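# Notes for the structure review
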Amino acid sequence: MVTQYQQPNRAARAANAAIRWLAEMGISIAGTRALRIRGRKTGRPRSVVVNLLTVDGVDYLVSPRGNTQWARNIRAAGVVEVGPRWHRERALARELDDAAKPDVLRSYLARWYWQVRGFVPGRLTPDSGDEQLRAAAPSIPVFVLAPEPGTPR
C-alpha cells in the first residue's frame, strides 16, 4: 500500500480551489480537469482538480503527491466523474500495477514536471530511467480510466 503523501500547503490549496472552479466551468489550465468522486467515509461527492493524462487514447490519473484523499476515494468508489459540471463523464477507475507505471509516469512528468517537481518522490524528472521510475512507482498511485458500460464516450 502506498503511504507517501505530501499534503498541499495553504497557498497550494487556495490555488487549487481557484483552478478547480475554472475546471468545473469548463476552462482547462494546462490540461486540468475537474474530478468528482464519492467520499469513502461520508459518501458525499468530493471534487478536486487533476491533470488528466491521455496516452494513445487512454486516460490516466496520476497522484504525484502520493496517497492523497482523492486517490483513496477512487480506490473505494471505483467510479469517477470527469469534466465540467454540465458535461461530466462517468468512468471506471482501476489502479495500475507498479510494473505498468514507468511509461505513464514518464509521460506525466514530460508534460507536468514544471508543476509537480517540488513534491514528486524520488527526485524524478522527465529524464529518469526505468529503474528510478520503478523504484518510485509504489509511492505514486496511477489509475487508468475506462468508459462505464452503457455510457457513450
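Structure's up top.
Values in this document were obtained by computation on a predicted structure and should not be read as measured data.

### A closer look at helix α3 (residues 101-116)
End to end, α3 covers just 17 Å across 16 residues, shorter than the expected 22 Å (1.5 Å per residue, more than 12% under). Along α3, the sharpest kink reaches roughly 60°, centred on Ala110. When α3 is considered as a whole, its buried residues turn out to be Lys101, Pro102, Val104, Leu105, Tyr108, Leu109, Trp112 and Val116. Of the surrounding elements, those touching the buried residues of α3 are β2 (45-55), β3 (58-62), α4 (130-136) and β6 (142-147).

### Points about the packing of aromatic side chains
The geometry of an aromatic ring pair comes down to the distance between the two centres and the angle between the two planes. For the structure on display, the rule yields two aromatic pairs. Their ring planes at 50° and their centres at 6.5 Å tell us that Trp70 and Phe143 sit as a pair that is tilted. Pair noted here: Trp70 is in helix α2 (residues 69-77) and Phe143 is in strand β6, with a separation of 73 residues, a long-range link. Judged by centre distance (5.0 Å) and plane angle (50°), the rings of Tyr108 and Trp112 are tilted. With Tyr108 and Trp112 both in helix α3 and four residues apart, the pair spans about one turn of that helix. Each of the two residues, Tyr108 as well as Trp112, counts as buried. Directly above the ring of Phe119 sits Arg65, whose terminal nitrogen or CZ lies 3.7 Å from the centroid.

### Concerning the pattern of salt bridges
Between side chains of opposite charge, pairing is possible as soon as their charged atoms come close. Taken as a whole and assessed by the stated rule, the structure comprises six salt bridges. Glu81 serves as the salt-bridge partner of Arg36, at 3.7 Å between the closest nitrogen and oxygen. Here Arg36, found in strand β1 (residues 32-38), pairs with Glu81, found in strand β4 (residues 79-82); they are 45 residues apart in sequence, far enough to count as distant. Here Asp103 ties to Arg106 by a salt bridge, and the two come within 3.3 Å at their closest N and O atoms.

### Things to note about the sheet that holds β3
With respect to topology, six strands assemble into a closed barrel ordered β1-β2-β3-β6-β5-β4, the strand pairing being antiparallel. With strand direction ignored, the average angle separating the axes of adjacent strands in the sheet is 45°. Judged from the two bridges that link them, β1 and β4 form a sheet pairing that is antiparallel. Of the residues in β4, the one forming a bridge with Leu35 is Val82. This element, α3, spans β2, β3 and β6 of the sheet and lies at about 105° to β2.

### As for the environment of Leu35
Tracing the backbone through its elements, the reader meets Leu35 in strand β1. Leu35 sits in the buried class, given a relative accessible area of 1%. Separated by 17 residues in sequence, Leu35 and Leu52 place their C-alpha atoms 9.2 Å apart.

Rules used throughout
- Residues numbered from 1 in each chain as written.
- Predicted model: local features only at pLDDT ≥ 70, side-chain atom pairs only at ≥ 80, totals over all residues.
- Heavy atoms only, no water.
- Helix = DSSP H or I, 4+ residues; strand = E, 2+ residues; numbered from the N terminus.
- Expected span 1.5 Å × (residues − 1).
- Bend = angle between axes of the 7 residues up to and from the residue.
- Buried < 20%, exposed > 50% of the residue type's maximum accessible area, 1.4 Å probe, protein only.
- Contact = heavy atoms within 4.5 Å.
- Phe/Tyr/Trp six-rings, centres within 6.5 Å; stacked < 30°, edge-to-face > 60°.
- Lys NZ or Arg CZ within 6 Å of the ring centre and 35° of its normal.
- Salt bridge = Lys/Arg side-chain N within 4 Å of Asp/Glu carboxyl O.
- Pairing = 2+ DSSP bridges.
- Axes fitted to C-alpha atoms, helices over the stretch in contact; angles between N-to-C directions.

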